[in-house]
Amino acid sequence: MNWVFKPSPVVGCPVLNQDLIFPVNNIYCVGRNYRDHVLETGSNPARESPFFFQKISEILLLPGNNLDYPDDTKDLHHEVELVVAISNDGYKIKSSEAKDMIFGYAVGVDLTKRDIQKKAKQAGRPWLSGKVFSGSAAISEIVLKNESLEPDKLEISLSVDGEIRQRSVCDKMIWSVNEIIFLLSQTVPLCPGDLIYTGTPSGVGKVKKGDTVSATLHQDNSTKLSFQIK
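Residues numbered from 1 in each chain as written. Predicted model: local features only at pLDDT ≥ 70, side-chain atom pairs only at ≥ 80, totals over all residues. Heavy atoms only, no water.

**Here's the deal with the overall build of the protein**
A count of helices and strands for the protein gives four helices and 17 strands. Taken over C-alpha atoms, the radius of gyration comes to 17 Å for the protein, in line with the 17 Å a tight globule of 230 residues would show. Overall size of the protein, expressed as C-alpha extent along the three principal axes, is 45 × 45 × 40 Å. For the protein, the proportion of contacts with a sequence separation of at least 24, taken over those separated by at least 6, is 76%. For the protein, the exposed surface amounts to about 11,500 Å²; the carbon and sulfur share of it is 50%. Computed over 26 positive and 28 negative side-chain charges, the inter-centroid distance for the protein is 6 Å. (Helix = DSSP H or I, 4+ residues; strand = E, 2+ residues; numbered from the N terminus. Rg over C-alpha atoms; globule rule 2.2 N^0.38 Å. Contact = heavy atoms within 4.5 Å. Areas by Shrake-Rupley, 256 points an atom, 1.4 Å probe, with all protein chains shown as cover. Lys, Arg positive; Asp, Glu negative; His and termini not counted. Charge placed at Lys NZ, Arg CZ, Asp CG, Glu CD.)

**A short note on the environment of Asp-152**
Within the fold, Asp-152 resides in the loop between strand S11 (143-144) and strand S12 (155-160). Classification of Asp-152 by relative accessible area gives partly exposed; the value is 44%. Separated by 72 residues in the primary sequence, Asp-152 and Lys-224 have C-alpha atoms spaced 18 Å apart. Residues contacting Asp-152, with those up to four places away along its chain left out, are Val-169, Cys-170 and Asp-171. (Buried < 20%, exposed > 50% of the residue type's maximum accessible area, 1.4 Å probe, protein only.)

**Quick notes on the pairing of strand S7 (residues 80-86)**
Among the seven residues of S7, seven are classified as buried, and the element is accordingly described as predominantly covered. Neither face of S7 is left uncovered, since the one carrying Val-80, Leu-82, Val-84 and Ile-86 and the one carrying Glu-81, Val-83 and Ala-85 both have all their residues buried. Pairing of S7 with strand S8 (residues 102-110) involves seven bridges; the strand directions are antiparallel. Each residue of the ladder has a partner; that of Ala-85, found in S8, is Gly-104. One ladder, built from three bridges, connects S7 with strand S14 (residues 195-197); its direction is antiparallel. Paired with Val-83 across the strands is Tyr-197, a residue of S14. (Pairing = 2+ DSSP bridges.)

**Examining the sheet that holds S12**
Pairing is antiparallel in the open sheet, where four strands are placed in the order S13-S12-S16-S17. In the strand order of this sheet, the two ends are held by strand S13 (163-169) and strand S17 (223-228), each with one partner. Looking at each pair of strands side by side, their axes are set apart by 10° on average, direction ignored. Where strand S16 (residues 212-218) lies against S17, six bridges are found, and the strand directions are antiparallel. Looking at S17, one finds that Thr-212 is bridged to Gln-228. (Axes fitted to C-alpha atoms, helices over the stretch in contact; angles between N-to-C directions.)

Structural data, given as structure tokens:
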């Protein structure tokens, strides 16, 4: 049997200190998963069921690349996040199995056209136009799980032109990494190559052309990303 046309190439993310490439499949994102960020958006930080949205692998901003500022926004925002890389299949898993799904961790930046997202919210429409665009999910090299701290001991930060904008320990998440994996798997069959952006702490803000955005996953075996906005 022949393909109708040649399948699209696989998007690959490098693994820190390894001669390995992680083949990216789906990208899932968790909304409002830090209490301080929920408060700064004017929402209720009560521990309600998490909600998810999705990006596609083709929009990943891989290490070493810069971001072209989108033409249709005047309010582009940064959101630093812990990213979890999945290496096993899992559908309706048990909560105790969530940790075995993890390949490793990275730091990521979810970029958002805030003005476009706001209009979509007001109209009761999906967020796709404000969240899914070329380069809207930046990612660092991935740290292997067995070479990393436990996720609740990890710390993430983001700076713009050297000025710290966001910094938080990941134990401040409303829903932990293992809980996120378990809950997502109850409705979505998770697959090797999936990435989960686990939400952002407070301090999200605007970026502009010429800015250099840098983010760090803090531990002894640290991983970082940096890109300029063109």
